[in-house]
Amino acid sequence: MNTSSLPRERLKSSRPALTFGRVDRGIARDWWRKGTVLLRRLESRGKIAVDRYPRVNSCMSNRYVIIRALGFTLVAARSTIAAAQEPIDRAMIGRLQEESRAHSQVLETYRTLTDEIGPRLTGSPAFKRAVDWTRDRFTQWGMSNVTVESWPFGRGWTLEKLTLEMTQPRYFPLEGYPEAWSPSTRGLLTATPIYLGDKTADQIKAMGATLKGAIVLPQPPQEGDHLITADRPQPGDTEERVRIGAPPMLRTEGLTPVRDMMPILQQLGVGLVLRPNQGQHGTLFVLGNPKTKNDAVPSVILAAEHYNMLVRLAQHGTAVRLNADVRVKYQEADTSAYNVIAEIPGADPALRNEVVLVGAHLDSWHSATGATDNADAVAATMEAMRMLKAVGAKPRRTIRLALWGGEEEGLLGSKAYVDKHLRGDANSAARDAIAVYLNDDPGMGPTYGFYTEENAGAKAIFDEWLGALGDLGVTRNPVDKIGATDHLSFTAVGIPGFTTLKDYRDYDVRTHHTNADFYERVSEKDLQQSAIVMAVFAWQAAMRDGKIPRAVSQ
Ligand SMILES: [Zn+2]
């Protein structure tokens, strides 16, 4: 028996005596933690004596359980009361909806980011155009303290020209995109592709000079269960806990894993690596690594079906010829990346130094125009700010929007912001002053709620706010945590940070980091809805008496 679970088990058995109603496990866990905190606080004030180590003493253990259950009940009751008293500004919700209906600019913002500016790879000239353009919009809209903050990133990268074609046994154009930060090929390569998926590292090394300048196929065909066929489950559709986040990457590996093969190929002077990916039906997932060296082997992601065809032809001994020309430019004139910040200043003398921080990432990948990742959220959060300003909102706390760079390369922009303004002892006052961080990223289209990061206090409040938005098609605020986006930079320093629950239909199989992430993926109606939900959450957070509760530490 694992004695460490004893108090929890006993509390479980005492539940029928306590009338909690139906609570989900995340809330129960949070109440349990809060009960513990409350008891420790009472104990530290000398009000009660709690055995910290009840497991070794069954008599103390009973008392501990009773007292802890009491704390649990008190906190549960307090949470219910707090939620019941959460005021909702229905007049403001109405004004925001009317502003959206009559004067929405969200589609034009979205169109400009996707069609006009295009892919916004961090460090690229297009990313900088997006920085300048969003900054100018904020200024035109009369936002306060519009600033562009730089942070060191490294060289940018742009694709200047691409030729990928099969010329034997027939002419056929191949569909593919270089990985970001891939070097150029040494001019136009004309070669028969060499399949290495069935070779050991020693066999590849032994091929020596035959691989110099070669076009190679390093992996087995990407087919069957190595193709992505299902989106992540939608937590908004069910009360059950479901798997959260993107499905795993499904890379195929031959006898020599790609990671081990690449240094060998570089040493042998291979001319170009073609690689498959988990997309199908013309969808390609294309990423890249800014740390790629200038003398690395150039790397192109091919449509899985095209890659697989080349491997099958090579394995059957059919004479295949390819032309490949990859021309890229490393952008070294400016190695900074940027975050764009704008504010609606707080009006309450006691609260205006506190900040409701809203964020979305401005950067994208490069094989489409970064529509769902993340122009839709940039457009929606910008529109939320524009609407609040347009309806004359005077929030008690400052509402600040930050558009991050470098999210795709590892949440770099939000981390740089946190490091500069919010991390460490010197920034403790500024950190405490962030009432909440509200992020908009994974998924696309409308906002159904917010992941509440196992923070029951925040969930109780967010549930009240969401309840007032029922006619917008919102569904629920899941208890769960979600990874891989910018709110993690804030939760890492104890700030309550949350990201939106969005639509995932066709997101994981079709649009996320793919060559299909274009304007068509999101409708004006969904952008407007997302902007209203974010504006309402930011407004409610800026107007309530207290900040959003910090998560109770584990
Ligand atoms: Zn992304």
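Predicted model, so just to flag it, every value in this text is computed and none were measured. Counting of residues starts from 1 at the beginning of each chain's written sequence and follows it residue by residue. With pLDDT at 70 or above as the cut-off, local features in this predicted model cover only qualifying residues; side-chain atom pairs require 80 or more to be listed or tallied, and sums for whole chains, interfaces and linings still use all residues.

1. Remarks on the overall build of the protein
The number of helices and strands found in the protein is 16 helices and 16 strands. Buried residues in the protein amount to 47% of all 554 residues. What counts as a contact here is a pair of residues whose C-beta atoms, placed from the backbone, lie within 7 Å. For the protein, the proportion of contacts with a sequence separation of at least 24, taken over those separated by at least 6, is 85%. Secondary structure elements are taken from DSSP: a helix is a run of H or I of four residues or more, a strand is a run of E of two residues or more, and numbering for both begins at the N terminus. Whether a residue is buried, exposed or partly exposed follows from its count of other C-beta atoms within 10 Å of its own C-beta, namely 20 or more, 12 or fewer, or something in between, respectively; the C-beta atoms are built from the backbone.

2. Side note on helix H4 (residues 90–103)
Helix span is expected to be 1.5 Å times the residue number reduced by one. Taking 1.5 Å of rise per residue, 14 residues should cover 20 Å, and H4 covers 20 Å from first to last C-alpha, within 8% of that figure. Listing the buried residues of H4 in full gives Ile93, Leu96, Glu99 and Ser100. Down the axis of H4, the buried side of the element spans an arc of 125°, and every buried residue falls inside it. Exposed residues pointing more than 90 degrees away from the buried face of H4 are listed as Arg90, Ala91, Gly94, Glu98, Arg101 and Ala102. Along its buried surface, H4 packs onto helix H10 (371–390) and helix H16 (524–543). Starting at the helix axis, one direction is taken to each C-beta atom, and the arc is that of these directions.

3. Some words on unusual backbone geometry
Among all residues save glycine, negative phi is the norm, and among peptide bonds the norm is trans. At the junction of Gln168 and Pro169, the peptide bond is cis and its omega measures out at 10° in the coordinates. Within the element layout of this structure, Pro169 appears in the loop between strand E2 (156–168) and strand E3 (172–173). Along the chain, Asp373 connects to Asn374 via a cis peptide bond; the corresponding omega equals 20°. The topology assignment puts Asn374 in helix H10. Phi is positive for Asn145, which is not a glycine, with a value near 50°. Among the secondary structure elements, Asn145 is positioned in strand E1 (residues 144–152). In this structure Asn145 comes out as exposed when scored by C-beta crowding, with 12 C-beta atoms within 10 Å. Positive phi, close to 70°, is recorded for His513, a residue that is not glycine. For His513, a count of 22 C-beta atoms within 10 Å puts it in the buried group.

4. Notes on the nonpolar core
By definition, a nonpolar core groups buried Ala, Val, Leu, Ile, Met, Phe, Trp, Tyr and Cys residues that connect through C-beta atoms lying within 7 Å of each other. In terms of nonpolar packing, the biggest core is built from 124 residues, with Val356, Ala384, Met534, Ala535 and Ala538 touching the most fellow members. Top element by residues in this core is H16. It accounts for twelve residues. All domain edges in this entry derive from an automatic or database-based domain assignment. Looking at this core, you find at least three residues from each of domain 2 (103–155 + 334–543) and domain 3 (157–331). Non-local contacts of Ala538, meaning those with residues more than four positions away in its chain, are made with Val356, Val358, Ala384, Ile399 and Leu438.

5. Points about the confidence of the model for the protein
Scored by pLDDT, the protein has a mean of 88; 84% of the residues are at 70 or more. For every residue, the predictor assigns a confidence score, pLDDT, that lies between 0 and 100. Looking at the elements of the protein, mean pLDDT is at its lowest for helix H1 (residues 6–14), recorded as 30, and at its highest for strand E13 (residues 398–404), recorded as 99. Across residues 1–82, confidence stays below pLDDT 50; counting only partners more than four residues off in sequence or on other chains, it has 73 contacts.

6. Let's talk about the environment of Ser367
Looking at the element boundaries, Ser367 is found in the loop between strand E12 (355–361) and H10. Ser367 sits in the buried class, given 25 other C-beta atoms within 10 Å. Considered as a pair, Ser367 and Leu159 are 208 residues apart in the sequence and their alpha carbons are 9.9 Å apart. Excluding residues that lie within four positions of it along the chain, Ser367 makes contacts with Tyr177, Leu284, Val286, Thr514 and Asn515.

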